[in-house]
Amino acid sequence: MSADRDPGAEAGAGVEAGGDVSEGVGSDMGAGAGSDVGVEAGAGLGSGTPADSPANRLQALFEGHRLTPTQRRIAHSMVRRAADVPFLSSVELAELAGVSQPSVTRFAVALGFDGYPALRRHLREVAPAEQSADSASYNEYQQAVEAEIENLRHLAEVLADPRPVQKAGRLLAASRPLPVLGLRAAASQAYGFSYFAAKVHPDVRLLHEGGTMIHDRIDAAVRAGASTLLCFALPRHPREVVDTLAYAKEAGLTVVTVADSAFAPVAKVSDLLLPAAVGTGLAFDTACAPMLLGRVLLEAMCDDLPDAQARLEEFDARAAVRGLFVE
């Protein structure tokens, strides 16, 4: 198993696998105070998700309840598999979320139901009558691909409302310099974004290595005029990322975060959180949706950089002179 993956968890809801921790500690659902998920704080799926979608109905069911970290983990797993959840037993749901079966029962009671059977009956009333297509005939590799396709479909639903991404694009374009943070599993996402962003943005600063100097680099960016920090945060979520984002906010930066879930630990230290789920069916997590969302953010940022096209054309001309690429 990868050291950067939360074993048995469904897209990492911020609780270590193998334990139902903090079961008696109340915690607010969603992103927390001061954080935008999509447009509205705590919106989770973003206002672009169809109002009558199974995922949105589940999200509405969870809102307003104080849930523990373990219960938020169950909620996140249910949202990701919204079409299948009404047909799952409590044991199957527990396995999906990487928690114990009693935790699923306590979760149902926390939502106001007598137990999980009552919750499932309610879900069958508000969810589609037919279960999603059976993928039992797929091998494990095909199932991983199908799961990523579903993640991309969910991202497409979220992007039906372009305002959150457009807002993020404006913030990124206006920040000079623009620090981009991504540690451990998210380092490649941050690097990929920074590589392309540097072709159109005058000053992109990649922060992909942790340690004691990361705060110094944030301080230097702020002194140089930075106003926004972009963070890619994927499971398992390093504590250092949460601490770094908290430090960035204290330094006066607006934090825009691409995370695997609206329930991720980084939500509470983000000003604008854009969710894109990861796949967990293989030994190492897959991150097609976060990568694509990063490219979408690049497009939105280019829309707010008036000289972006000119910079790209200049780069192409120089590349041709240097014979940089094989045609």
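Given the structure is predicted, the values throughout are model-derived calculations rather than measurements.

(A) Highlighting the overall build of the protein. For the protein, the count of helices and strands is 12 helices and 6 strands. A total of 327 residues make up the protein; the buried ones form 48% of that total. Total accessible area on the protein is roughly 15200 Å²; 52% of this is exposed by carbon and sulfur atoms.

(B) Quick peek at the packing of aromatic side chains. Here the structure, examined in full by the defined rule, presents 4 aromatic pairs. Aromatic pair phenylalanine 193 and phenylalanine 232: ring centres 5.9 Å apart, planes at 55 degrees, arrangement tilted. One end of the pair, phenylalanine 193, is in helix H8 (residues 187-197); the other, phenylalanine 232, is in strand E4 (residues 228-233), with 39 residues separating them in the sequence. A cation over an aromatic ring shows up here: lysine 199 above the ring of phenylalanine 315, its NZ or CZ 3.7 Å from the ring centre.

(C) Region of the structure containing unusual backbone geometry. Between arginine 176 and proline 177 the backbone carries a cis peptide bond, its omega angle lying at 5 degrees. Note on placement: proline 177 falls in the loop between helix H7 (163-174) and strand E2 (178-181). With an omega dihedral of -5 degrees, the bond running from proline 235 to arginine 236 counts as a cis peptide bond. Summarising the element assignment, arginine 236 is placed in the loop between E4 and helix H10 (239-250). Positive phi values are uncommon outside glycine, yet arginine 184 reaches one of about 50 degrees. Here arginine 184 shows up in the loop between E2 and H8.

(D) Here's a closer look at helix H9 (residues 214-223). Of all the positions in H9, only Ile214, Ile218 and Ala221 are classed as buried. Each buried residue of H9 lies within a common arc of 60 degrees when the element is viewed along its axis, so the set occupies one face. Buried positions along H9 lie against E2, strand E3 (204-207), E4 and H10. Two residues or fewer after H9 comes glycine 225, characterised by a positive phi angle close to 115 degrees.

(E) Region of interest: the nonpolar core. Phe193, Leu230, Phe232, Leu297 and Met301 are the most contacted members of the largest nonpolar core, which has 31 residues in total. When residues of this core are traced back to their parent elements, those giving at least two are H7, E2, H8, E4, strand E5 (254-259), strand E6 (272-275) and helix H11 (288-303). Among the elements that take part in this core, H11 stands out by supplying 6 residues, more than any other. In contact with phenylalanine 232, other than residues within four places in its own chain, are Val180, Leu181, Gly182, Ala186, Gln189, Ala190, Phe193, Val258, Pro290 and Gly294.

(F) Spatial organisation of helix H12 (residues 308-322). Relative to the 21 Å expected for 15 residues at 1.5 Å per residue, H12 spans 21 Å between its end C-alpha atoms, a close match to the ideal helical length. Positive phi appears at glycine 323, one or two residues downstream of H12, with a value of about 65 degrees.

(G) Focus on the environment of alanine 118. Positionally, alanine 118 belongs in helix H5 (residues 116-126). In this structure the C-alpha to C-alpha distance between alanine 118 and alanine 108, which are 10 residues apart in sequence, comes to 8.1 Å.

(H) Up close: the side chain of serine 175. Residue placement: serine 175 occurs in the loop between H7 and E2. You can call serine 175 buried: its relative accessible area is 0%. Those residues in contact with serine 175 that lie beyond four places of it in its chain are His201, Ala226, Ser227 and Thr228.

The rules behind the values
- Residues numbered from 1 in each chain as written.
- Predicted model: local features only at pLDDT ≥ 70, side-chain atom pairs only at ≥ 80, totals over all residues.
- Heavy atoms only, no water.
- Helix = DSSP H or I, 4+ residues; strand = E, 2+ residues; numbered from the N terminus.
- Buried < 20%, exposed > 50% of the residue type's maximum accessible area, 1.4 Å probe, protein only.
- Areas by Shrake-Rupley, 256 points an atom, 1.4 Å probe, with all protein chains shown as cover.
- Phe/Tyr/Trp six-rings, centres within 6.5 Å; stacked < 30°, edge-to-face > 60°.
- Lys NZ or Arg CZ within 6 Å of the ring centre and 35° of its normal.
- Arc of directions from axis to C-beta.
- Contact = heavy atoms within 4.5 Å.
- Core = buried A, V, L, I, M, F, W, Y, C linked by side-chain atoms within 4.5 Å.
- Expected span 1.5 Å × (residues − 1).

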